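Structural characterization, general
In case you want the letters, here they are:
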Amino acid sequence: MGPKTSGGPKKALIFGVTGQDGSYLAEFLLEKGYTVHGVKRRSSSFNTARVDHLYRDPHEGPTRFFLHHGDLTDATNLIRLVQEIRPDEIYNLGAQSHVQVSFEVPEYTANADAVGVLRLLEALRILGMADTVRFYQASTSELYGRAQETPQRETTPFYPRSPYGAAKLYAYWITVNYREAYGMHASNGILFNHESPRRGETFVTRKITRAVAAIEHGLQERLYLGNLDARRDWGHARDYVEGMWLMLQQDRPDDYVLATGETRSVREFVERAFAIVGREIAWRGAGVDEIGVDARTGQALVGIDPRYFRPTEVDLLLGDPTKARERLGWTHRTGFAELVREMVEADLEAVRQGAAPELEPT
Ligand code: NDP
Ligand code: GDR
C-alpha cells in the first residue's frame with residue numbers, strides 16, 4: 001500500500017511521534033514503505049527514546065524517517081512544517097494526554113489538545129491542502145466520561161469528565177466540522193485505552209507493571225494507587241495503530257471506535273500483574289485503608305493514596321468495536337492476559353538491565 005501511483009512513496013507526518021502510539025505508528029508506516037516525518041518538542045533532556053531505533057543519521061546513508069522540531073501551540077511552526085513536508089497523511093497524536101494532570105494544567109491542555117487541532121486544520125486550509133491531505137485525529141473513550149450507555153459506540157452521547165476530556169471534545173467536533181465544511185478527508189479514531197511496554201510510566205497499567213518488577217527485585221516495598229474499582233477496556237497499542245492507518249485508507253472519512261469489547265478493573269490488572277511473578281494478592285480493609293497483601297507471606301504490597309483519586313472519575317468504559325470490524329476489517333489481536341504478561345516481562349527485563357525503579361508521584 002506504500003507506493004503512490006505517481007511520484008514516490010507516500011509521505012506521513014506524525015505529531016506525537018515521541019509518544020507511545022507515535023513510535024508504533026512510525027514503525028508500522030515505515031514497514032509499509034512510507035516516508036515518515038515526525039514532530040518532536042524541544043526538551044532540555046533527550047525525549048526520543050521510543051523512536052531512537054528508527055533514526056539513522058542522514059550522513060550515514062539514506063533514511064525514510066525524519067524528525068522536526070515543532071509544537072501544536074505554535075501556528076507558524078505548523079504552517080511551515082506542512083508547507084515544507086507536503087504530506088499525504090497527517091496523524092495528530094500530539095497531546096497533553098494525562099487525565100489527572102489535565103486538572104492541574106487545564107489551560108495548557110486546552111491549548112495543545114483542543115486549539116492545537118484547530119491550528120493544524122487551519123494550516124491545511126491556509127496552504128490550500130484541505131482537499132489533498134488525509135487527516136487522523138486521536139480522539140478518545142474519555143469523551144464518553146460518565147457513560148450514557150454501555151457498551152459505548154460511535155452514536156453514544158459524550159459526557160467528558162476532565163479538562164482533558166473537554167479539550168478532546170472540541171478536537172473531535174472541529175475535525176467533524178472541517179470534514180463537513182471543507183470536504184476534508186478527516187477522521188476521528190475514538191480509541192479506548194491501549195497500553196504496551198512503551199506506555200508512559202505514570203499511567204496506571206505501566207505504574208503497576210513497573211512496581212511489580214521493582215518489588216520482585218527488592219527495589220520497592222509497596223505500590224500506592226487511587227481508585228481500584230475503575231474499569232477500562234484495555235488493548236495493545238501495536239494493534240490500535242493499524243486501525244488508525246486503515247481509517248485513512250478508506251474512500252470516505254468517518255469516525256470509528258477501536259476497543260477490545262472487554263472491561264477489567266484496576267484491581268484485576270493488579271492481581272494479574274502480580275500473578276505473573278507468582279504472587280497472589282488478597283485484599284484486606286476498605287476505602288483508603290484497603291491494602292493488598294501477598295496471600296502467602298502476608299507482606300503488604302498495595303496501598304491506597306488519596307492523591308491519586310480524581311476530582312471527577314470515569315468509572316466504566318467498555319467499547320463496541322463492531323463498526324471498525326465490519327467496515328475496516330479491524331480487530332484487536334492481543335488479549336488482556338497477554339498484554340499484562342508482555343508489560344510485566346518487559347519491566348522485569350528493564351530492571352535486570354539496571355533501569356531506575358523510581359516512580360513519579362502521579
Ligand atoms: P503519549 O503521552 O505517550 O504521547 C503524546 C505525544 O504528544 C508525545 O510525543 C508528546 O511529546 C506529544 N505532545 C505533547 N504536547 C505536545 C504539543 N504541545 N505539541 C506537539 N506534541 C505534543 O500519548 P499516547 O501515545 O498514549 O497517545 C497518543 C494520542 O492518543 C494522544 O493524543 C492521546 O491523548 C490519545 N489517546 C491515547 C489513548 C491511549 O490509551 N494511549 C487512548 C485514546 C486517545 P513529548 O514526548 O515531548 O511529551
Ligand atoms: P486514563 O488512564 O485516565 O483512562 O487515560 P490512566 O491509566 O491514567 O487511569 C486509568 C484508571 O486508573 C485509575 N487509577 C490510577 N491512574 C493513575 N494514572 N495512577 C494511579 O495511581 C491510579 N490509581 C487508580 C484512574 O483513576 C483511572 O480510572 C488514558 C490516557 O491514555 C488518555 O490519554 C486516553 O485518552 C484514555 O486513556 C483513553
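Keep in mind that what you see is a predicted model, and the values were worked out from it rather than measured. (Residues numbered from 1 in each chain as written. Chains lettered and ligands numbered in written order. Predicted model: local features only at pLDDT ≥ 70, side-chain atom pairs only at ≥ 80, totals over all residues.)

Brief notes about the overall build of the chain
Assigned secondary structure in the chain consists of ten helices and 15 strands. Taking 362 residues into account, the globule formula puts the C-alpha radius of gyration at 21 Å, and the chain, at 21 Å, falls close to it. With respect to the principal axes defined by its C-alpha atoms, the chain has extents near 65 × 50 × 40 Å. Among the 362 residues that make up the chain, the fraction classed as buried is 45%. For the chain, the proportion of contacts with a sequence separation of at least 24, taken over those separated by at least 6, is 76%. (Helix = DSSP H or I, 4+ residues; strand = E, 2+ residues; numbered from the N terminus. Rg over C-alpha atoms; globule rule 2.2 N^0.38 Å. Buried ≥ 20, exposed ≤ 12 C-beta atoms within 10 Å, placed from the backbone. Contact = placed C-beta atoms within 7 Å.)

Thoughts on the sheet that holds strand 8 (residues 223-225)
Ordered in space as 8-15-14-13, the four strands form an open sheet in which the pairing is mixed. The open sheet has two edge strands, strand 8 and strand 13 (281-284), and neither has a second partner. Mean inter-strand twist for the sheet, computed between neighbouring axes without regard to direction, equals 25°. Pairing between strand 14 (residues 291-294) and strand 15 (residues 300-304): two bridges, direction antiparallel. The residue bridging V293 from the neighbouring strand is A300, located in strand 15. Across the face of the sheet, helix 8 (residues 266-276) comes into contact with strand 8, strand 13, strand 14 and strand 15 while running at roughly 140° to strand 13. (Pairing = 2+ DSSP bridges. Axes fitted to C-alpha atoms, helices over the stretch in contact; angles between N-to-C directions.)

With respect to the pairing of strand 1 (residues 11-15)
Most of strand 1 sits inside the fold, with five of its five residues counted as buried. What you see with strand 1 is no split at all: K11, L13 and F15 on one side and A12 and I14 on the other are buried throughout. Crossover connection from strand 1 via helix 1 (residues 20-31) to parallel strand 2 (residues 35-40): handedness right-handed. Bridge analysis of strand 1 against strand 4 (residues 89-92) gives four bridges, and the strand direction is parallel. Each bridged residue has a counterpart across the sheet, and for F15 the counterpart in strand 4 is N92. (Right-handed = clockwise from strand over helix to strand, strands pointing away.)

Considerations on the domain arrangement of the chain
Domain boundaries assigned for the chain yield domain 1 (11-195 + 234-263) and domain 2 (204-231 + 265-315 + 336-352). Placing the centre of domain 1 and that of domain 2 at their C-alpha centroids yields a distance of 30 Å. Listed by partner, the interface residues are twelve residues for domain 1 and eleven residues for domain 2. If one sorts the elements of the side of domain 1 that touches domain 2 by residue count, helix 3 (residues 99-104) sits on top with three residues. Classifying every residue of the side of domain 1 that touches domain 2 by side-chain character gives three nonpolar, five polar and four charged. (Domains from an automatic or database assignment. Nonpolar A, V, L, I, M, F, W, Y, C, P; charged D, E, K, R; others polar.)

Things to note about the site of ligand 1
Ligand 1 sits among 26 residues. The nearest are G16, G19, G94, A95 and A138. Breaking the shell around ligand 1 down by element, the ones donating at least two residues are helix 1 and strand 5 (134-140). Top element by residues in the shell around ligand 1 is helix 1. It accounts for three residues. Residue classes in the shell around ligand 1 are distributed as eight nonpolar, 15 polar and three charged. (Near = placed C-beta within 6 Å.)

Examining the site of ligand 2
Around ligand 2 sit 22 residues in total, of which S97, T140, V204, G226 and A230 are the nearest. Elements represented by at least two residues in the shell around ligand 2 include exactly helix 3 and helix 6 (204-216). Sort the elements by how many residues they give to the shell around ligand 2 and helix 6 lands first, with three residues. A breakdown of the residues in the shell around ligand 2 according to their chemical character gives eight nonpolar, nine polar and five charged. For the shell around ligand 2, the domains that each give at least three residues are domain 1 (11-195 + 234-263) and domain 2 (204-231 + 265-315 + 336-352).

Some words on helix 8
By the burial criterion, the buried members of helix 8 are F269, V270, R272, A273, F274 and I276. Check the buried side of helix 8 and you find it contacts helix 6, strand 12 (264-265), strand 13, strand 14, strand 15 and helix 10 (336-352). In the segment just after helix 8, G278 is the residue with positive phi, at about 80°.

Section: the sheet that holds strand 3 (residues 65-69)
Here we have seven strands laid out as an open sheet, ordered 3-2-1-4-5-6-11, and parallel in their pairing. With one partner strand each, in any of the chains shown, strand 3 and strand 11 (255-258) form the two edges of the open sheet. Adjacent strand axes in the sheet meet at a mean angle of 20° when their direction is disregarded. Where helix 1 meets the sheet, it contacts strand 1, strand 2, strand 3 and strand 4, and its direction lies at approximately 165° from that of strand 2.

Considering the UniProt feature "domain: NAD(P)-binding" (unreviewed entry) in the chain
UniProt records the feature "domain: NAD(P)-binding" (unreviewed entry) at residues 13-343, using the numbering of this structure. Measuring from the first to the last C-alpha atom of residues 13-343 gives 28 Å, for a span that is 37% helix and 18% strand. (UniProt positions renumbered as here; feature names shortened; annotations may be inferred.)

Notes on unusual backbone geometry
In this structure, the amide linkage connecting T150 to the following residue, P151, adopts the cis form with an omega of -5°. Structurally, the position occupied by P151 is in the loop between strand 5 and helix 5 (163-182). Even without a glycine there, the phi angle at R86 is positive, about 45°. By the secondary structure assignment, R86 is in the loop between helix 2 (75-85) and strand 4.

Topic: the environment of R327
With respect to the helices and strands, R327 occurs in helix 9 (residues 322-328). Judged by local crowding, R327 falls into the partly exposed class, with 14 C-beta atoms found within 10 Å. As for R327 and R341, which are separated by 14 residues in sequence, their C-alpha atoms are 31 Å apart.

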